[in-house]
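The lines below spell out each chain.
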Amino acid sequence: MRAFDRRHPLLWDVLVTGFFVTAAFTDVLGGGWRYITQNPQAPAWLLVTLSLGFTVPLLWRRTHPVAILLPMLPLAVVNAWTGTDLQASLTLLVVTFNIALHTGLRTLLASYALILIPIVVDGFRNATEQAADQGPDQTIVPQATRLAMVAIVGISYRTRQEYLASLVERAAQLEVERDQQARLATAAERTRIAREMHDIIGHNLSVITSLADGGSYAAAKNPERAAQALTAIGTTSRQALGELRRLLDVLRTDPSATEPPGAEPLLGPALGPALGLEPPGVEMAPQPSLTDLDHLIEGVRSAGLPVRTTIHGYATALAPGRQLTVYRVIQEALTNTLKHGGPDATSTVSVSYGDGGAVTATVTDTGRGGTAHGNDAGGRGLTGMRERTALYGGTLESGPLPDHGWRVHLHLPEETPQ
């Protein structure tokens with residue numbers, strides 16, 4: 001009904017006004033007013049004027065409540081002074097309710113004072129004519145109290161409406177904030193996925209390219225080495241596809257919630273066997289950690305880049321997220337050396353583990369270095385390394401060495417106790 005009233009306010013106003021007009025004329029034409037009036041000889045024109053004056057203005061009670069009060073007040077004074085006492089004058093209570101509902105407290109108090117005028121006039125008239133029966137306190141106070149109660153009800157209703165409006169506004173704000181948070185989370189997830197895709201594809205394709213070039217050179221003179229290169233290419237390709245499988249599986253939604261019964265999931269367990277990655281039922285391997293560092297370095301060595309490693313301490317106390325960060329930084333640095341270091345480049349990896357999760361990793365090479373080394377793929381690799389490092393409050397330095405070569409230095413501080 002509220003929704004219909006908001007769409008068609010005039011219809012409801014006409015119905016309410018028509019009800020009061022009908023009730024007022026029923027009272028006048030049926031003679032009911034004679035049972036309470038003190039002036040049974042009131043002329044018909046006065047009865048009609050008062051009835052119309054008390055009811056027709058109610059058509060604008062919601063849009064102009066104070067404006068309709070002003071012409072009704074003189075009629076109320078006349079109604080009280082002449083002793084007509086038509087029950088139609090009770091519509092002043094409806095006007096008071098709408099003033100309390102649609103205006104401020106000052107306007108309500110001023111209107112209340114104005115409406116008391118005909119009440120006071122009626123009280124003193126009764127006191128003059130029936131001094132022995134009723135005093136002003138017995139006629140004015142009850143009517144003033146009734147008027148105050150109606151005003152309080154209007155204020156309460158307005159307060160409830162304002163509260164509901166604030167709840168609706170708050171809900172709308174929460175929806176906007178939720179959508180904003182969802183967009184921010186989506187952007188962050190896209191950035192993370194792009195970083196992972198770059199690390200996975202960039203490194204493995206670089207290794208595959210180096211192995212393919214070496215295998216093509218060795219095919220004519222040393223078929224055995226070419227076969228080894230092809231085997232390494234297959235192993236590296238399967239490893240890359242496996243990591244991509246794990247990354248894409250994160251994007252899979254619940255099939256039961258988004259797909260009809262019997263439909264094949266868009267991404268999920270069926271993807272591995274289709275790509276020849278693993279048989280059905282085999283669980284996916286976790287994200288790489290520092291325990292996989294030897295496997296990474298062996299893959300780079302097989303691609304033709306000599307790598308020397310130095311490890312101080314143990315990574316057992318390092319959180320998985322920190323291990324992945326160190327692993328990806330070393331992977332990116334070695335990948336850039338494969339791409340830009342040249343045929344005679346060598347690399348050195350030094351990792352030192354400290355207390356409380358602190359770790360320092362340095363990767364240097366003897367390659368040609370240059371601007372392209374640190375800005376691979378438009379800077380995505382270096383940017384990804386810095387973003388990973390910043391997640392743990394670490395620092396990352398990357399730049400050419402004084403003579404030749406390139407240096408990447410990572411430092412993660414101790415973990416803050418939770």
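What counts and how
Residues numbered from 1 in each chain as written. Predicted model: local features only at pLDDT ≥ 70, side-chain atom pairs only at ≥ 80, totals over all residues. Heavy atoms only, no water. Helix = DSSP H or I, 4+ residues; strand = E, 2+ residues; numbered from the N terminus. Buried < 20%, exposed > 50% of the residue type's maximum accessible area, 1.4 Å probe, protein only. Areas by Shrake-Rupley, 256 points an atom, 1.4 Å probe, with all protein chains shown as cover. Patch = residues over 30% accessible without salt bridge, like charges linked within 9 Å, V, L, I, M, F, W, Y side chains within 5 Å. Salt bridge = Lys/Arg side-chain N within 4 Å of Asp/Glu carboxyl O. Phe/Tyr/Trp six-rings, centres within 6.5 Å; stacked < 30°, edge-to-face > 60°. 1 Å grid on protein atoms, 1.4 Å probe; cavity = no way out; pocket = protein on both sides within 12 Å on 5 of 7 lines; lining within 4 Å. Points joined across faces, edges and corners; volume = space filled by probe spheres on them. Nonpolar A, V, L, I, M, F, W, Y, C, P; charged D, E, K, R; others polar. Axes fitted to C-alpha atoms, helices over the stretch in contact; angles between N-to-C directions. Parallel < 35°, antiparallel > 145°, perpendicular 65-115°, else oblique. Left-handed = near helix turned anticlockwise from the far one by under 90°. Contact = heavy atoms within 4.5 Å. Pairing = 2+ DSSP bridges. Right-handed = clockwise from strand over helix to strand, strands pointing away. Polar contact = N/O pair within 3.5 Å; in protein donor to acceptor, adjacent residues only side chain to side chain. Core = buried A, V, L, I, M, F, W, Y, C linked by side-chain atoms within 4.5 Å. Expected span 1.5 Å × (residues − 1).

A word on the overall build of the chain
Part 1 of the reasoning: Check the secondary structure of the chain and you find 14 helices and five strands.
Part 2 of the reasoning: Sorting the 418 residues of the chain into buried and exposed places 39% on the buried side.
Part 3 of the reasoning: If you sum the accessible surface of the chain, you get close to 23600 Å²; carbon and sulfur atoms cover 62% of it.

Re a nonpolar patch on the surface
Part 1 of the reasoning: There is a patch of nonpolar side chains on the surface, built from Met 1, Phe 4, Leu 11, Trp 12 and Leu 15 and spanning about 580 Å² of accessible area.
Part 2 of the reasoning: Looking at the nonpolar patch, the element that brings in the most residues is helix 2 (residues 9–29), giving three residues.

Quick notes on unusual backbone geometry
Part 1 of the reasoning: The phi dihedral of Asp 85 falls on the positive side, at around 55°, and the residue is not glycine.
Part 2 of the reasoning: Looking at the secondary structure, you find Asp 85 in the loop between helix 4 (65–81) and helix 5 (91–102).
Part 3 of the reasoning: Relative accessible area serves as the criterion here: at 16%, Asp 85 is assigned to the buried category.

A short note on the pattern of salt bridges
Between side chains of opposite charge, a pair can form as their charged atoms come close.
Part 1 of the reasoning: Applying the stated criterion across every chain yields a total of eight salt bridges.
Part 2 of the reasoning: For the salt bridge of Glu 177 with Arg 170, the shortest nitrogen-to-oxygen distance reads 4.0 Å.
Part 3 of the reasoning: Looking at Arg 170, the relative accessible area reads 40%, which means it is partly exposed.
Part 4 of the reasoning: We note a salt bridge from Arg 407 to Glu 397, for which the minimum N-O separation is 3.5 Å. With Arg 407 in strand 5 (residues 406–412) and Glu 397 in strand 4 (residues 395–400), the pair connects residues that are ten residues apart, well separated along the chain.
Part 5 of the reasoning: Accessibility expressed as a relative area gives 28% for Arg 407, which makes it partly exposed.

Digging into the packing of aromatic side chains
Part 1 of the reasoning: One pass over the structure, following the stated rule, counts two aromatic pairs.
Part 2 of the reasoning: Measuring from centroid to centroid gives 5.3 Å for Phe 19 and Phe 20, while their planes differ by 75°, and the two rings are edge-to-face.
Part 3 of the reasoning: With a relative accessible area of 22%, Phe 20 lands in the partly exposed category.
Part 4 of the reasoning: Geometrically, the ring pair formed by Phe 97 and Tyr 157 is tilted, given 6.2 Å between the ring centres and 45° between the ring planes. Placement of the pair is Phe 97 in helix 5 and Tyr 157 in helix 7 (residues 136–221), with a sequence separation of 60 residues.
Part 5 of the reasoning: For Phe 97, a relative accessible area of 24% gives the class partly exposed.
Part 6 of the reasoning: With relative accessibility at 29%, the residue Tyr 157 sits in the partly exposed group.

Overview of the layout of surface pockets
Part 1 of the reasoning: The calculated volume of the largest pocket comes to roughly 800 Å³.
Part 2 of the reasoning: Lining of the largest pocket is provided by 25 residues; of these, Asp 5, Trp 12, Arg 62, Tyr 157 and Gln 161 occupy positions nearest its centre.
Part 3 of the reasoning: At the level of secondary structure, the elements contributing two or more residues to the lining of the largest pocket comprise helix 1 (2–7), helix 2, helix 5 and helix 7.
Part 4 of the reasoning: Per element, the largest residue contribution to the lining of the largest pocket is six residues, and it comes from helix 2.
Part 5 of the reasoning: In the lining of the largest pocket, the residues fall into 14 nonpolar, four polar and seven charged.

Overview of the packing of helix 2 against helix 3 (residues 44–55)
Part 1 of the reasoning: Look at helix 2 against helix 3: their axes get within 9 Å of each other, and the N-to-C directions meet at 160°. On the basis of the axis angle, helix 2 is roughly antiparallel to helix 3. Considering how the two elements wind past one another, helix 2 and helix 3 form a crossing that is right-handed. Here Thr 17, Phe 20, Val 21, Ala 24, Phe 25 and Val 28 of helix 2 come into contact with helix 3, specifically with Leu 47, Val 48, Ser 51, Leu 52 and Thr 55.
Part 2 of the reasoning: Looking at the contact of helix 2 with helix 3 residue by residue, the classes come out as eight nonpolar, three polar and no charged.

Notes on the pairing of strand 1 (residues 307–312)
Part 1 of the reasoning: Where strand 1 and strand 2 (residues 347–353) come together, six bridges link them in parallel fashion. If you follow Ile 311 over to strand 2, its bridge partner there is Val 351.
Part 2 of the reasoning: In this region the chain leaves strand 1, passes through helix 12 (residues 320–340) and returns to the parallel neighbour strand 2; the handedness of that crossover is left-handed.

Considerations on the pairing of strand 4
Part 1 of the reasoning: Pairing between strand 4 and strand 5: six bridges, direction antiparallel. Within strand 5, the position partnered with Thr 395 by the bridge is His 411.

Considering the environment of Asp 365
Part 1 of the reasoning: Relative to the helices and strands, Asp 365 is located in strand 3 (residues 359–365).
Part 2 of the reasoning: Relative accessible area serves as the criterion here: at 4%, Asp 365 is assigned to the buried category.
Part 3 of the reasoning: For the pair Asp 365 and Pro 400, spaced 35 residues apart in sequence, the C-alpha to C-alpha distance is 9.5 Å.
Part 4 of the reasoning: In terms of polar contacts, Asp 365 uses its side chain to reach the side chain of Thr 337, at 2.9 Å.

Notes on the nonpolar core
Part 1 of the reasoning: The biggest cluster of nonpolar side chains holds 36 residues, and the ones touching the most others in it are Leu 290, Leu 293, Val 326, Ile 330, Leu 334 and Val 351.
Part 2 of the reasoning: By residue number, the principal contributor to this core is helix 12, which donates seven residues.
Part 3 of the reasoning: Filtering out sequence-adjacent residues up to four positions away, Leu 293 remains in contact with Tyr 327, Ile 330 and Val 351.
Part 4 of the reasoning: The next biggest cluster of nonpolar side chains, apart from the first, holds 27 residues, and it includes Leu 58, Leu 92, Leu 108 and Ile 115.

Observations regarding helix 12
Part 1 of the reasoning: Look at helix 12: 30 Å from first C-alpha to last across 21 residues, which is about the 30 Å you get at 1.5 Å a residue.
Part 2 of the reasoning: Among the 21 residues of helix 12, 18 are classified as buried, and the element is accordingly described as predominantly covered.
Part 3 of the reasoning: With its phi angle positive at about 95°, Gly 342 sits one or two positions after the end of helix 12.

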